[in-house]
Structure formats: structure tokens, C-alpha cells
Amino acid sequence: MVQIDMNSDEFQAELEKTWSFVEKVNKQFGLVQNPNEEVNEGVAMGLARNRLIYGKRFCPCFMVIGETKEEQKAADNRICPCKPALEKEIPEDGLCHCGIFCTPEYAEKEKKKSEIEEIVHQHSKGLTKEQAELLLKEEQLDGDELEALIEARTLGMIDFTLMDVREFMEFQMGHIVGTDVLVPTSQFYAKIEEHNDKKKRPVIVYCHTGSRSFQVQHAMKSLGFEHVCNLRPGIIGYTGEVQKG
């Protein structure tokens, strides 16, 4: 295998050409780069490296099959921008497998998510209404995110139901302040019917470690609850206010 010196003039020149190539692809297909610069840098370096080794910008996320150019062509290796990315991955997921090419909509959504994460993991939460609504659409939440959402709900920005799915004894030992209902996992199917009126509103479920609530999350979706968030890793990872009784 050819060893590439990333600090060499040759590599740096090829890397510069690769960035020009990325800009050309974006312009041609109406795409943008990933808002995560580390993703872009890693992929660009991989593309430049493959260009120097193989003479083509093979996708750096896949192993290049074949020793000769003929074998590589016969193996149908992915050449950037690859057909699966343009025809399936980007239209369906908003970004290619490697992540460097994104739709403007995906990039904007990820940018907003990054801003939210930066806010909620600081001591001062301070979410805007738009940020709170966007965060509430996530499938999995951590403790800081839930605490920020509870604060936003207290301020009247959003509304949701916070559901504890542990057993009654666990609830008595300590539950998150702001919990609305207790639906023990052992009685789930009998108790959840009492909350069919909540199928169209956001529900956040939690347990001790996030395992039972993860199962409940999927069970509720199968019953027609439109959006259910799960707290991971459960109440043990929550640093907000907890009360007994």
C-alpha cells in the first residue's frame, strides 16, 4: 500500500483540488456541505488520499476492491459523487453515506440541532420556542435536554406529557418533578388506554435506565401515539429536580 504524507506538498495540492471538486458537486446538484466541519475535513482528506493512490476519488467510506484499474472498474467501486448517494441516500436521508454532501434542508436542521445542544448543555437553558419545538421532535433525549424542555413547558412555550413507566414503589422513591402520569410497565396495556386522548400530543417517557421506556416508546407508537420521546439513560442520568412520594 502506498504511504501518503499528509504534510507533503503533493497531498496539500491534491487536497486543494478536492475542495474545488466538492464545491463543483455542490453547485451542480444543489447541495451544501455538512455543518459539521470535522465530517467534511475527514471525507475531503480521504478523497484526496484515494485520488493520489488510485487516480480516482473513490468514496473513502468503502474499501476499494481490486489491485489493477481493470479490477477496480469491474468491482464497481463507488466514485464520488456516487450513484447510490445521488439517487437514494441524499433524497431519502438528506445526506450521502460519508456525510459531506447534504441537502440545504438537512444542513439547516442539523445547524439548529447543534445550537440547541449547545444551549441545553450549559447551566443556563434558555431555549427559544422554535428550539423547544424542534427538540421535542427528537426520538431520544438526554437529561439536560429534558430539563430544558420542562423549563420551556413551565414558561408556556410548549406542551407535552411526561410519563414515568417504572413501578409504583420506584415512583415513590423518587420521580422527576413535572411528571404527569405513572404507567407501570407491568400494567402497560391496561393503563395506557386511560391516555388515548394523548395520541396526538407529544409524550416523553422515562424509567430507571432508559431500557423499559425504550420498549414502551415503540409499543405506544404501534398503538397510534404520534410522537413519543424516550429519556436515555433514564432518571439515573437526570440532574434536574427529583422528588419523593
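In every chain, residue numbers begin from 1 and rise along the written sequence. Totals for whole chains, interfaces and linings use every residue, but because this is a predicted model, local features are given only for residues with pLDDT of at least 70 and side-chain atom pairs only at 80 or more, for both listing and counting. Note that water and hydrogens are dropped before the side-chain values are worked out from all heavy atoms of the structure.

### Observations concerning the pairing of strand β8 (residues 228-231)
Put simply, the rule reads: Burial classes follow relative accessibility: with a 1.4 Å probe on protein chains only, a residue under 20% of its type's maximum area counts as buried, one over 50% as exposed, and anything between as partly exposed. Under the DSSP-based scheme used, a helix requires at least four consecutive residues in state H or I and a strand at least two consecutive residues in state E, with every element numbered from the N terminus. Two strands are counted as paired when DSSP detects at least two bridges linking them. Handedness rule for crossovers: strands pointing away from the viewer, path from the first strand over the helix to the second running clockwise, crossover right-handed.
Both faces of β8 are covered, namely the face carrying Val228 and Asn230 and the face carrying Cys229 and Leu231. Bridging between strand β3 (residues 140-141) and β8 involves two bridges; their strand directions are parallel. Directly across from Gln140, in β8, lies its bridge partner Asn230. The parallel pair strand β7 (residues 203-206) and β8, bridged by helix α10 (residues 211-222), forms a crossover whose chirality is right-handed.

### A short note on the nonpolar core
The following threshold applies: Residue types Ala, Val, Leu, Ile, Met, Phe, Trp, Tyr and Cys, when buried and joined through side-chain atoms within 4.5 Å, form a set referred to as a nonpolar core. Between two residues, a contact is recorded if the distance between any of their heavy atoms is within 4.5 Å.
In terms of nonpolar packing, the biggest core is built from 24 residues, with Leu127, Leu146, Leu149, Phe160, Leu162, Ile176 and Ile204 touching the most fellow members. Mapped onto this core, the elements with two or more residues apiece are α5 (104-120), α6 (129-135), α7 (143-154), β7 and β8. In terms of residue count, α7 provides more of this core than any other element does, five residues in total. Once you skip the residues sitting within four places of it in the chain, Ile204 turns out to touch Leu136, Leu141, Leu146, Leu149, Phe160, Thr161, Leu162, Met163 and Cys229. Formed by 15 residues, the second largest nonpolar core is a distinct cluster that contains Phe21, Val25, Cys80 and Phe101.

### Things to note about the UniProt feature "domain: Rhodanese" (unreviewed entry) in the chain
Formally: UniProt positions are given in the numbering used here, feature names are shortened, and annotations may be inferred rather than shown by experiment.
As annotated by UniProt and renumbered to match this structure, "domain: Rhodanese" (unreviewed entry) occupies residues 156-244. This span, residues 156-244, is 25% helix and 20% strand, and a straight line between its end C-alpha atoms measures 25 Å.

### Description of the pattern of salt bridges
Here is the rule we go by: Here a salt bridge means any side-chain nitrogen of Lys or Arg lying within 4 Å of a carboxyl oxygen belonging to Asp or Glu.
Applying the stated criterion to the full structure yields 15 salt bridges. Glu138 is the partner of Lys113 in a salt bridge, and the nearest nitrogen-oxygen pair spans 3.9 Å. Of this pair, Lys113 sits in helix α5 while Glu138 sits in the loop between α6 and β3, and the two are 25 residues apart along the sequence. Among the residues examined, Lys113 registers a relative accessible area of 21% and is labelled partly exposed. With a closest N to O distance of 3.0 Å, Asp159 and Arg201 form a salt bridge.

### Quick look at the packing of helix α1 (residues 9-29) against helix α2 (residues 37-54)
Basically, it comes down to this: Fitting a line to C-alpha atoms yields each axis, with helices limited to the stretch in contact; the angle taken between N-to-C directions then spans 0 to 180 degrees. Helix crossings fall into two classes, left-handed where the near helix is turned counterclockwise from the far one by less than a right angle and right-handed where it is turned clockwise. Here the term charged refers only to Asp, Glu, Lys and Arg, the term nonpolar to Ala, Val, Leu, Ile, Met, Phe, Trp, Tyr, Cys and Pro, and the term polar to all other amino acids, Gly among them.
The contact between α1 and α2 brings their axes to 9 Å, and the two run at 115°. Handedness of the α1/α2 crossing: right-handed. On the side of α1, the interface is formed by Glu10, Phe11, Glu14, Leu15, Thr18, Trp19 and Phe21, while α2 contributes Asn40, Glu41, Ala44, Met45, Leu47, Ala48, Arg49, Arg51 and Leu52. Per-class residue counts for the contact of α1 with α2 are nine nonpolar, two polar and five charged.

### Quick look at unusual backbone geometry
With an omega dihedral of -5°, the bond running from Cys80 to Pro81 counts as a cis peptide bond. Along the polypeptide, Pro81 turns up in the loop between α3 (69-74) and α4 (83-93). With an omega of 10°, the peptide bond between Arg232 and Pro233 qualifies as cis. Here Asp76, not a glycine, exhibits a phi torsion of approximately 55°, which is positive. As for its placement among the helices and strands, Asp76 is situated in the loop between α3 and α4.

### Considering the sheet that holds β3
Pairing within the open sheet is parallel, and its five strands lie in the order β3-β8-β7-β4-β6. With one partner strand each, in any of the chains shown, β3 and β6 (181-182) form the two edges of the open sheet.

### A look at the environment of Lys83
As for its placement among the helices and strands, Lys83 is situated in helix α4. Lys83 sits 76 residues away from Asn7 along the chain, and the two C-alpha atoms are 32 Å apart.

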